[in-house]
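Descriptive analysis of the structure
Chain by chain, the residues run as shown.
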Amino acid sequence: MAPTTADASERDALLLRKAVDLAAANVLNSGGPFGAIVVAADGREFEGLNRVTANLDPTAHAEVTAIRNACQRLGTFSLDGATLYTSCEPCPMCLASTLWARIDRVLYAADRTDAAAAGFDDAAFYQYFDQPSIRDTVMPVRQLRLDSAVEPFNAWNASGNRLDY
């Protein structure tokens, strides 16, 4: 469970408020009502806005764009030691992106119920992962095993110039 404003530091509350303000301003700029800030371990801040409809990109959620901005500007794919401040509870895609980025913690303002009340209902996505029995009706995912299936991994393991992550 996310800390309440009383549990968070004053700086946490200010950064979270900034993410909420970014989200509100983004609505006036043809974006969705979501904003996020990645604060790197060294204290630098990187903003992200929801640009799904503006960019015709279903992955352009505020959290993902903040992560992309931070990684590009910092020259790394690992945000170890960072905090993500986001105007709303991260959807499963954003949460997975946060995990892949190795972000240490996430603080959010509104929750999934608040988002659903505004027409952003991610309940089906949460259910997809929480209730395996419904997966076949939503989007079936099946393995079609090929003889060559592991060739990319063999090439990766044999590569002398790979960068593990």
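The structure presented is a predicted model; accordingly, all values stated were derived computationally and were not measured.

**Regarding unusual backbone geometry**
Backbone geometry at leucine 56 places phi at a positive 55°, although glycine is not the residue there. Tracing the backbone through its elements, the reader meets leucine 56 in the loop between helix 2 (52-55) and helix 3 (62-74). Positive phi, close to 65°, is recorded for arginine 102, a residue that is not glycine. Summarising the element assignment, arginine 102 is placed in the loop between helix 4 (92-100) and strand 4 (105-110).

**What to know about the pattern of salt bridges**
Per the counting criterion, the structure on display carries nine salt bridges. The residue arginine 17 makes a salt bridge to aspartate 21 at a minimum N-O spacing of 2.9 Å. Of this pair, arginine 17 and aspartate 21 are both found in helix 1 (residues 10-27), four residues apart, which corresponds to roughly one turn of the helix. Among the ionic pairs, glutamate 45 bridges to lysine 18, the shortest N-O distance being 2.7 Å.

**So, helix 3**
An α-helical segment advances 3.6 residues per turn. Residues three or four places apart therefore align on the same side. The terminal C-alpha atoms of helix 3 lie 18 Å apart, and with 13 residues this matches the ideal 18 Å at 1.5 Å per residue to within 8%. Taken together, the buried positions of helix 3 are occupied by Ala62, Glu63, Val64, Thr65, Ala66, Ile67, Ala70 and Cys71. On its buried side, helix 3 packs onto strand 1 (35-39), strand 2 (45-49), strand 3 (83-88) and helix 4. Positive phi appears at glycine 75, one or two residues downstream of helix 3, with a value of about 70°.

**Digging into the nonpolar core**
The biggest cluster of nonpolar side chains holds 17 residues, and the ones touching the most others in it are Val38, Ile67, Leu79 and Ile103. Elements supplying a minimum of two residues to this core: strand 1, helix 3 and strand 3. The element best represented in this core is helix 3, accounting for five residues. Counting residues in hydrophobic clusters, the runner-up holds eight residues, among them Leu15, Ile37, Val39 and Tyr85.

**A closer look at the sheet that holds strand 3**
Across the sheet, which stays open at both edges, the four strands sit in the order 2-1-3-4 with mixed pairing between neighbours. A strand with exactly one partner marks an edge of an open sheet, and here the two such strands are strand 2 and strand 4. This sheet shows a mean twist of 15° between the axes of neighbouring strands, independent of strand direction. Two strands pair when backbone bridges link them, and strand 1 and strand 2 are joined in this way by five bridges, in the antiparallel orientation. What sits directly across from valine 39, in strand 2, is glutamate 45. Packed on one face of the sheet, helix 3 meets strand 1, strand 2 and strand 3 and runs near 145° to strand 2.

About the cut-offs
Residues numbered from 1 in each chain as written. Predicted model: local features only at pLDDT ≥ 70, side-chain atom pairs only at ≥ 80, totals over all residues. Heavy atoms only, no water. Helix = DSSP H or I, 4+ residues; strand = E, 2+ residues; numbered from the N terminus. Salt bridge = Lys/Arg side-chain N within 4 Å of Asp/Glu carboxyl O. Expected span 1.5 Å × (residues − 1). Buried < 20%, exposed > 50% of the residue type's maximum accessible area, 1.4 Å probe, protein only. Contact = heavy atoms within 4.5 Å. Core = buried A, V, L, I, M, F, W, Y, C linked by side-chain atoms within 4.5 Å. Pairing = 2+ DSSP bridges. Axes fitted to C-alpha atoms, helices over the stretch in contact; angles between N-to-C directions.

Keep in mind that these numbers describe shape and distance, not what the molecule does.
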